[in-house]
Amino acid sequence: MKILIANESHFKYAPIIAETISESAKIRGTGIAKRTPEYIQKRLQNGNAVIALDGDKFAGFCYIEVWGNKDFVANSGLIVHPDYRNQGLAKQIKKRIFELSREKFPDAKIFGITTGLAVMKMNYELGYKPVTFSELTNDPEFWKGCQTCKNFDILTRTEQKMCLCTGMLYDPEAKEKNAKKAKHEVNSTAFKRLKSIKESLFLKKKDK
């Protein structure tokens, strides 16, 4: 099994990718936006997608969408072919597309909306946090992509404030601040412990 950064040589897989996304939406009965083969091909040709192949056989796919002047990117269309499900492949694809997003758009906030608990868990493990829709991109083109979802009427009725999907966000700036804070807390704890050990040794030496 290989997980590759997609390119034009993978155009032949666009129809099966679109079909797999559509069939998955029917089976799950949840809000997965439909994607045409032409739409998939555009993502394949700009280097913003990863594809999993078992030899020449399609196994899985996910792509990056860029929004708000590159301030936001979304990892969308995560799908695994039925023949390769329940093997941990989705998690591998999700990790690789996340890494690619960080490599290509290091300053962008990475977000997604999903109804799938498995995807939420994967996002959380990568550092995403649940957020309100107001914290996601306000780019109208992104929300137009929800028009083919069966739950789009809910999004419309709530004036784009909520839907059955959960919004999740990875903010690299917040992540860095939290990492520095955690490092400071660890250093502070270590310093206190070292100070305590020194004081203990000093007192023992003094008692002798």
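Notes on the structure in this doc start here. (Residues numbered from 1 in each chain as written. Predicted model: local features only at pLDDT ≥ 70, side-chain atom pairs only at ≥ 80, totals over all residues. Heavy atoms only, no water.)

With respect to the pattern of salt bridges
Opposite charge on two side chains lets them pair, provided their charged atoms get close. Applying the stated criterion across every chain yields a total of 9 salt bridges. Residues Lys95 and Glu99 are paired through a salt bridge, measuring 2.5 Å at the closest nitrogen-oxygen approach. Highlighted residues: Lys95 and Glu99, both in helix α3 (residues 89–104), separated by 4 residues, approximately one helical turn. Lys144 serves as the salt-bridge partner of Glu141, at 3.1 Å between the closest nitrogen and oxygen. Highlighted residues: Glu141 and Lys144, both in helix α5 (residues 140–144), separated by 3 residues, approximately one helical turn. Taking the relative accessible area as the measure of exposure, Lys144 reaches 44% and is therefore partly exposed. (Salt bridge = Lys/Arg side-chain N within 4 Å of Asp/Glu carboxyl O. Helix = DSSP H or I, 4+ residues; strand = E, 2+ residues; numbered from the N terminus. Buried < 20%, exposed > 50% of the residue type's maximum accessible area, 1.4 Å probe, protein only.)

A look at the nonpolar core
Ranked by size, the top nonpolar core spans 20 residues in total, and within it Leu89 and Ile93 carry the most contacts. Mapped onto this core, the elements with two or more residues apiece are β2 (49–54), β3 (57–67), β4 (72–80), α3 and β7 (166–170). Counting residues per element, this core draws most heavily on α3, which supplies 5 residues. For Leu89, the contacting residues outside a window of four places in its chain are Met1, Ile3, Ala52, Ala59, Val80 and Tyr84. Core analysis: the second largest hydrophobic core is formed by 15 residues, Ala14, Ile21, Ile40 and Leu53 among them. (Core = buried A, V, L, I, M, F, W, Y, C linked by side-chain atoms within 4.5 Å. Contact = heavy atoms within 4.5 Å.)

Concerning the environment of Cys62
For Cys62, the position within the fold is in strand β3. Judged by relative accessible area, which is 0%, Cys62 ranks as buried. Taking the C-alpha atoms as reference, Cys62 lies 7.3 Å from Lys94; in sequence the two are 32 residues apart. Leaving out residues up to four positions away in the same chain, Cys62 has contacts with Ala49, Val50, Asn75, Ser76, Gly77, Leu78, Ile93 and Ile97.

Section: the pairing of β2
Here β2 lies mainly inside the structure; 5 of its 6 residues are buried. Both β2 and β3 contribute to a ladder of 6 bridges, which runs antiparallel. Bridge pairing in β3 places Ala52 opposite Gly60. Connecting β2 to the next strand, β3, in antiparallel fashion are 2 residues, including Gly55 with a positive phi near 70°. (Pairing = 2+ DSSP bridges.)

Some remarks on α3
Between its first and last C-alpha atoms α3 spans 23 Å; for 16 residues at 1.5 Å apiece the expected length is 22 Å, and the two agree. Those residues of α3 that fall on the buried side of the exposure criterion are Leu89, Ile93, Lys94, Ile97, Phe98, Leu100 and Ser101. Buried residues of α3, seen end-on, are gathered within an arc of 165° and therefore sit on one face of the element. (Expected span 1.5 Å × (residues − 1). Arc of directions from axis to C-beta.)

Description of unusual backbone geometry
The phi dihedral of Glu159 falls on the positive side, at around 55°, and the residue is not glycine. Its location among the elements puts Glu159 in the loop between α6 (152–157) and β7. A positive phi is found at Gln160, a non-glycine position, where the angle reads about 65°. Within the element layout of this structure, Gln160 appears in the loop between α6 and β7. A relative accessible area of 34% places Gln160 in the partly exposed class.

Observations concerning the packing of aromatic side chains
Here a ring pair, both rings aromatic, is described through the centre-centre distance and the interplanar angle of the planes. One pass over the structure, following the stated rule, counts 10 aromatic pairs. Geometrically, the ring pair formed by Phe72 and Phe111 is edge-to-face, given 5.8 Å between the ring centres and 85° between the ring planes. A residue pair is termed long-range when its members are at least 10 positions apart, and Phe72 in strand β4 and Phe111 in strand β5 (residues 109–114) qualify at 39 residues. Between Tyr128 and Tyr170 the ring centres are 6.4 Å apart and the planes differ by 55°, which places this aromatic pair in the tilted class. On the criterion of sequence distance, the pair formed by Tyr128 in the loop between α4 (117–126) and β6 (129–131) and Tyr170 in strand β7 is long-range, its members being 42 residues apart. (Phe/Tyr/Trp six-rings, centres within 6.5 Å; stacked < 30°, edge-to-face > 60°.)

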